[in-house]
Amino acid sequence: MLHLLNPAQRAAVQYLDGPCLVLAGAGSGKTRVITQKIAYLIEKAGMDARNIAAITFTNKAAREMNERVGHLMDAPRLRGLTVSTFHSLGMRILREEARHLGYKPQFSILDSADAGKIISDTLGTTDKQLIRSAVSRISTLKTDRISPDRAILMAESEGELHLARVYRIYQDTLMAYQAVDFDDLIRLPVDLFEQNAEVLKKWQQRLRYLLIDEYQDTNITQYLMVKLLTDITGQFTAVGDDDQSIYAWRGADMENLRKLQVDFPKLHVIKLEQNYRSVARILKCANAVIANNPKLFEKTLWSDLGIGDPIQVVECKSEEHEAELVAMKLLAHKFEANTSYKDYAILYRGNHQARIIETALRTHKIPYLISGGQSFFDRAEIKDVLAYLRLVANENDDPAFIRAVTTPKRGVGNITLERLGAYAADRQISFFQAVYEEGFIWQVQATQYEPLKTFCDFIGRLQYRAPREPAGQVLNELLEAIDYETWLYDSDEPKPAEGKWKNVLEFVQWVTRQGEEKGKDLIEIVQTIALITMLEGRDEEDVDALKMSTLHASKGLEYPHVFLIGCEEDILPHANSIEGGMVEEERRLMYVGITRAQRTLTITYCGKRKRAGEWQVTEPSRFLKELPAEDIRVSGRLAGGKPEQAISKTEGRAMLAGLLAKLS
DNA sequence: TGGTTAGTCGTTTTT
DNA sequence: CGACTAACCA
């Protein structure tokens with residue numbers, strides 16, 4: 001196996017004498033290093049798979065890594081291997097150690113929508129901007145491991161004090177719901193490790209070798225987790241690339257790369273500089289752009305995959321034309337090069353940019369998959385069903401209670417709910433518990449109380465059945481009992497309702513499969529859903545479809561032919577980042593985008609764009625001027641010419657027909 | 001109590 | 001232009 005590696009990769013795999021940092025440029029085979037090292041640890045170093053943990057940043061990456069390790073060795077020897085995200089690992093630790101922190105093992109994981117709702121309630125405002133900023137500031141406090149009490153003490157202004165108080169209420173509310181948020185999944189285990197030497201020792205002994213992927217994206221708490229778990233032995237390999245650090249806004253700190261050298265003086269640094277992904281021109285463009293950033297570590301990427309075609313830079317007249325142009329160029333290229341749809345990807349800065357592309361792709365009947373963006377589990381219909389399941393798993397989950405009890409409508413309205421909420425809040429109990437309290441029964445009339453009681457009894461029956469019966473069966477009967485299908489068709493036009501019901505059925509199928517394949521009961525399945533962003537097991541490779549993705553979500557992926565759209569000032573770099581002086585991170589984003597491409601890269605931007613119904617003139621991205629002139633082919637204003645002639649739908653069809661005629 | 005409607009507002013990135 | 005909300009009516 002080792003002969004498949006280049007000398008630097010092999011050195012990284014074989015180095016076991018202590019902490020190891022692998023600086024891996026884009027496309028330099030870092031996943032290969034990690035998977036091979038797992039195999040090496042088990043086969044050559046004689047380690048038990050149960051003592052090895054590989055940590056990634058996305059579930060998708062974890063899944064892919066699992067698959068690739070599976071190709072390297074037999075399943076029995078991989079039993080007990082941990083390949084998961086920081087958050088999943090944190091959850092696992094927390095479920096096992098919950099009692100040390102005052103939580104029950106079946107705590108819920110709150111999504112950001114629920115978190116935002118708590119904040120908006122405590123803040124007493126509906127101002128989206130305000131809530132957003134409060135949520136993110138509280139999240140920053142949490143990743144910096146500042147407790148509510150300390151935040152109150154440290155507050156230097158009226159505003160900070162207010163925020164700290166909101167933070168405290170928020171945290172108390174989470175505890176009351178028996179829920180944690182994403183930050184807690186990392187923070188609480190770290191807190192526990194620091195307070196409880198025995199628990200720490202237990203996990204140190206369990207996880208004896210750590211492999212951390214995308215190390216440049218760790219925040220300080222995640223770094224502490226690594227440090228605590230490996231402090232005694234320093235047995236870990238961190239793989240990262242400072243040029244691909246694009247999550248600073250989420251607390252990721254490139255300083256963690258430098259800190260590693262300070263905290264572990266014996267740190268062994270290995271650089272991977274050969275790129276196995278892209279042709280030379282693409283790499284040259286990427287290098288040229290990133291050269292405008294100050295460097296943390298010096299490294300030069302090279303490849304021997306040939307020079308490749310020039311990078312195309314095209315100005316379009318509007319968003320519609322951009323979408324149309326991309327669709328046309330794609331179809332033309334596909335026919336000429338005889339490729340598949342899945343060889344193409346369209347990348348963009350913000351999720352909203354996907355919509356217009358989607359319409360163009362649909363009119364041309366181009367199959368596509370969208371990764372990143374709204375998760376399947378975030379759809380309203382799925383969240384409705386999920387609310388029931390969350391409540392079954394944890395009856396203290398008040399947000400789930402409110403959603404479930406009002407969907408479908410069952411005669412419980414705002415007034416009743418408010419009374420119930422007030423009663424529960426007074427006594428520090430959950431909505432669910434309050435329903436069964438003598439004191440509450442007298443507060444509402446029988447006509448209002450009855451549906452509540454019926455609802456809670458129903459949930460109670462499910463709680464009994466969930467651990468005892470197959471997950472799919474219980475879920476099916478739940479949907480039957482609440483007649484969710486009818487409710488969907490009653491509350492929507494037939495067409496969207498049909499789509500929604502299809503999603504629900506897909507969800508049921510997924511749950512059934514999870515139950516059968518992994519032997520999990522309904523509650524166990526629900527407990528992990530909050531962490532899953534994409535429907536796993538949906539074999540995306542089998543479908544021949546073009547991939548659409550945000551630049552952030554595209555990290556770690558590669559495609560033969562890439563379109564990078566919307567390369568305009570205020571989009572990439574984004575206006576807020578320009579204002580906040582964060583252009584360097586945006587440049588890294590551009591770098592990530594360019595380095596996704598293996599063979600061809602087409603960059604587009606619009607001359608004007610409709611924003612909030614108004615036409616707005618736009619400027620090409622400053623990053624385009626950083627591309628080496630000899631490696632790009634420009635059409636449009638950058639070249640001094642006119643914007644690329646717009647292609648209308650009929651023109652497009654004619655062009656396609658001509659192309660097809662020429663080919664046959 | 002629940003659904004409809006007319007007005008409002010405004011677009012980063014995600015575990 | 002379209003999503004999302006707050007007042008309004010059945």
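Above this text you will find the structure in question.
Residues numbered from 1 in each chain as written. Chains lettered and ligands numbered in written order. Predicted model: local features only at pLDDT ≥ 70, side-chain atom pairs only at ≥ 80, totals over all residues. Heavy atoms only, no water.

A. Focus on the overall build of chain A. A count of helices and strands for chain A gives 29 helices and 17 strands. Relative to its length of 664 residues, chain A is compact, with a C-alpha radius of gyration of 27 Å against a globular reference of 26 Å. In chain A, which comprises 664 residues, the proportion classed as buried is 54%. A separation threshold of at least 6 residues defines the contact pool for chain A, and within that pool the share at least 24 residues apart is 77%. Counting every atom, chain A has about 30,300 Å² of accessible surface; 50% of that belongs to carbon and sulfur. Looking at chain A, you have 85 positive and 93 negative side-chain charges, and the mean spots of the two groups are 3 Å apart. (Helix = DSSP H or I, 4+ residues; strand = E, 2+ residues; numbered from the N terminus. Rg over C-alpha atoms; globule rule 2.2 N^0.38 Å. Buried < 20%, exposed > 50% of the residue type's maximum accessible area, 1.4 Å probe, protein only. Contact = heavy atoms within 4.5 Å. Areas by Shrake-Rupley, 256 points an atom, 1.4 Å probe, with all protein chains shown as cover. Lys, Arg positive; Asp, Glu negative; His and termini not counted. Charge placed at Lys NZ, Arg CZ, Asp CG, Glu CD.)

B. Summary view of the sheet that holds strand β7 (residues 236–240). Strand order across the open sheet formed by six strands is β3-β2-β6-β7-β1-β8, with parallel pairing between neighbours. With one partner strand each, in any of the chains shown, β3 (82–85) and β8 (268–272) form the two edges of the open sheet. Direction aside, neighbouring strands of the sheet carry axes that sit 15° apart on average. Bridging between strand β6 (residues 209–212) and β7 involves three bridges; their strand directions are parallel. (Pairing = 2+ DSSP bridges. Axes fitted to C-alpha atoms, helices over the stretch in contact; angles between N-to-C directions.)

C. Structural context of unusual backbone geometry. With an omega dihedral of 5°, the bond running from leucine 572 to proline 573 counts as a cis peptide bond. Considering the arrangement of structural elements, one finds proline 573 in the loop between β13 (559–564) and α27 (575–579). One non-glycine residue, glutamate 214, lies in the positive phi region at around 50°. With respect to the element layout, glutamate 214 can be found in the loop between β6 and α11 (220–230). By relative accessible area, glutamate 214 is classed as buried at 9%.

D. Representation of the nonpolar core within the structure. Core analysis: the biggest nonpolar cluster contains 61 residues, and Leu210 and Leu260 have the highest contact counts within it. Examining the composition of this core, we find that seven residues originate from one element, helix α8 (residues 158–177), more than from any other. The contacts of leucine 210, once residues within four sequence positions are left out, are Ala53, Ile55, Val226, Leu229, Thr230, Gln235, Phe236 and Thr237. Grouped together as the second largest cluster of nonpolar side chains are 54 residues, Phe376, Ala393, Ala471 and Leu522 included. (Core = buried A, V, L, I, M, F, W, Y, C linked by side-chain atoms within 4.5 Å.)

E. Molecular detail of α11. A large share of α11 lies buried, amounting to nine of its eleven residues. Of all the positions in α11, only Thr221, Gln222, Tyr223, Leu224, Met225, Val226, Leu228, Leu229 and Thr230 are classed as buried. Sitting at the amino-terminal end of α11 is asparagine 219, which places a side-chain oxygen 3.0 Å from the backbone nitrogen of threonine 221. (Polar contact = N/O pair within 3.5 Å; in protein donor to acceptor, adjacent residues only side chain to side chain.)

F. Representation of the side chain of serine 84. By secondary structure assignment, the location of serine 84 is in strand β3. In this structure serine 84 comes out as buried when scored by relative accessible area, which is 11%. Here serine 84 is in contact with Ala54, Ile55, Thr56, Ala62 and Leu89, once residues within four sequence places are set aside.

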